[in-house]
Amino acid sequence: MAGGPHGLQSRRDPGDGSGGCGARPSTPSAPRPATAAMPWRLARAMAAAATPLDVLDLPVEDAGGAVLAGPVRARADLPAFDAAAMDGYAVAGPGPWRPAGRVLAGRTAPGAVGAGEAVEIGTGAPVPYGTRAVVPYEAVTCADGRLHGPFVAGRHIRRRGEDCRADTKVVPAGSVVTPVVQGLAASVGHDLLRVRRRPRVAVLVTGDELTFSGLPGVGRVRDAIGPMLPGLIDWVGGRAAPPVRVADERASLATAIADAGEADVVVVCGSSSRGAADHLRAVLRASEAEFLVEGVACRPGHPQLLARLADGRPVVGLPGNPYAALVAALTLLAPLLGALTGRLAAGGGWVRLDSRVTAHPVDTRVVAVRREGAKVVPVGRDRPGLLWGAALADALAVVPPGWRGEEVELLALPSR
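Residues numbered from 1 in each chain as written. Predicted model: local features only at pLDDT ≥ 70, side-chain atom pairs only at ≥ 80, totals over all residues. Heavy atoms only, no water.

Next up on the list: the sheet that holds strand β9 (residues 133–136). An order of β7-β8-β6-β9 is seen for the 4 strands of this open sheet, with the pairing classed as mixed. Across the chains shown, the open sheet's two edge strands, defined by having one partner strand only, are β7 (98–103) and β9. Direction aside, the axes of adjacent strands within the sheet are offset by 35° on average. (Pairing = 2+ DSSP bridges. Helix = DSSP H or I, 4+ residues; strand = E, 2+ residues; numbered from the N terminus. Axes fitted to C-alpha atoms, helices over the stretch in contact; angles between N-to-C directions.)

Here's what the structure looks like:
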């Protein structure tokens, strides 16, 4: 797909001014020309068109949260030798047996076991040559200096390579390196993992009406998006810098974007609408940025945007209302970061939605929902300025225009 350094498809479109990070009342302003809002699915696809970032090799213990740039393959058979699966005795055939030494994991050479002999053995230790079974301690009795117990050929022996053969692909490319993946990679012989670099994300929080602690006074609004975004960015694979507060001034916003030069992605919270205090579109036009998405036909979250700066870095503009910003982040920011990291798409599935939900005639609705048994029902309390419904929800349901009861897509919400 055509694009700049981050592979975003170009769509030249002169925009306009843009909204703060609280639940800000709209400010009357003179009418300005507006471009047509892009359909929700097309906007999301535009964001997902980014080319993955560069690849690096990280020590297994440092690769957590990154995305694999290639598959993890076993470097050796697992187990690498025939090993005891239980604590007990390695035997070559039916008993009774005479005790004949001991083998412990990592401490003694296995040697050999002959007919009528029983070598005491620990779990994970290599079985002596000639072993046909391991008899667990609890199944063995001792009488007249001999050991007695059941013999079942092949029992309690893990044969070389029975869990995994060398060169087997155990984790596909595009997978997130979880703690379990780190443990598995180490167990199959890896010291380093080849991963995509996690995108550095600058978060700019605009809105002169915002307060950042305590109770807001008259005409003020407590910032809700600044505390939400870093965790969401980490959840979808990015690394968020601490949010930067920016005054509702065009020059201040332009400077803040310019100062975010080390970031791979710039997220502007608020200032994406068309009010008198919304300057993002004007700043982007002045910097000769390309508008890829300028408004999305969804509710909430309509005044969101995606642009590409002259140096190729994406800028995501989020609305100022908290729930609208969450919807926009899952519409544009999440798929953008997923593409930059090469992350395998992890959809929330498709479900039948409770019939109490109503569709909008022309816009996609994004509705907070939860599971109640076999049903998926709306939570409510999901007005644009309120995160209450989303906090109680299991997912967000994407309800297309004119929906009449067919299955709808679910967008996963962060669970940690």
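Moving on, there is more to tell.
Taken as a whole, this structure holds 0 disulfides when the rule is applied. Unpaired in terms of disulfides, C298 finds its nearest cysteine sulfur in C269, a separation of 16 Å. (Disulfide = S-S within 2.5 Å.)

Averaged over every residue, the pLDDT of the chain is 88; residues scoring 70 or more account for 91%. Across residues 1–5, where pLDDT falls below 50, the model places 12 contacts with residues more than four positions away in sequence or in other chains. Contacts from residues 9–33, a stretch scored under 50 in pLDDT, to residues over four places away or in other chains number 111 contacts. (pLDDT = per-residue confidence, 0-100. Contact = heavy atoms within 4.5 Å.)

If charged atoms from side chains of opposite charge come close, those side chains can pair. The tally for this structure, following the rule as stated, stands at 19 salt bridges. In this structure, D77 and R165 form a salt bridge, with 3.5 Å as the shortest nitrogen-oxygen distance. On the criterion of sequence distance, the pair formed by D77 in the loop between β4 (72–73) and β5 (83–84) and R165 in the loop between β12 (157–158) and β13 (169–171) is long-range, its members being 88 residues apart. Under the relative-accessibility criterion, D77 is labelled buried at 16%. Residue R165 is classed as partly exposed on the basis of its relative accessible area of 48%. We note a salt bridge from E294 to R274, for which the minimum N-O separation is 3.8 Å. One end of the pair, E294, is in strand β21 (residues 290–294); the other, R274, is in the loop between β20 (265–269) and α5 (280–286), and 20 residues separate them in sequence. (Salt bridge = Lys/Arg side-chain N within 4 Å of Asp/Glu carboxyl O. Buried < 20%, exposed > 50% of the residue type's maximum accessible area, 1.4 Å probe, protein only.)

The subject of this paragraph is the sheet that holds strand β14 (residues 192–196). Spatially, β2-β14-β3 is the arrangement adopted by the 3 strands of the open sheet, whose pairing is antiparallel. What marks the edges here is a single partner per strand, and that holds for β2 (55–59) and β3 (67–68).

Right, let's talk about helix α4 (residues 250–259) for a bit. Buried within α4 we find L253, A256 and I257. For α4, the arc enclosing every buried residue in end-on projection is 100°, short of the 170-degree limit, so these residues lie on one face. Within α4, the exposed residues directed more than 90 degrees away from the buried face are A251, A258 and D259. Looking at the packing, one finds that the buried side of α4 touches β15 (200–206), β19 (244–246), β20 and α5. (Arc of directions from axis to C-beta.)

So, about the packing of aromatic side chains. A full pass over the atoms with the stated rule returns 1 aromatic pair. Ring geometry for Y89 against Y137: centres 5.5 Å apart, planes inclined by 90°, an arrangement best described as edge-to-face. Within this pair, whereas Y89 is found in strand β6 (residues 88–91), its partner Y137 is found in the loop between β9 and β10 (141–143), the two being separated by 48 residues in sequence. Owing to a relative accessible area of 15%, Y89 belongs among the buried residues under this scheme. Y137 sits in the partly exposed class, given a relative accessible area of 34%. The side chain of R245 reaches across the aromatic face of F212, ending 3.8 Å from its centre. Above the face of the W388 ring, R381 is positioned so that its terminal group lies 4.3 Å from the ring centre. (Phe/Tyr/Trp six-rings, centres within 6.5 Å; stacked < 30°, edge-to-face > 60°. Lys NZ or Arg CZ within 6 Å of the ring centre and 35° of its normal.)

Let us now look at the side chain of D223. As for its position among the elements, D223 is in the loop between β17 (221–222) and α3 (225–235). No salt bridge is formed by the buried D223. Its closest oppositely charged neighbour is R245, at 6.6 Å. There is a polar contact of 3.1 Å between the side chain of D223 and the backbone nitrogen of G226. (Lys, Arg positive; Asp, Glu negative; His and termini not counted. Polar contact = N/O pair within 3.5 Å; in protein donor to acceptor, adjacent residues only side chain to side chain.)

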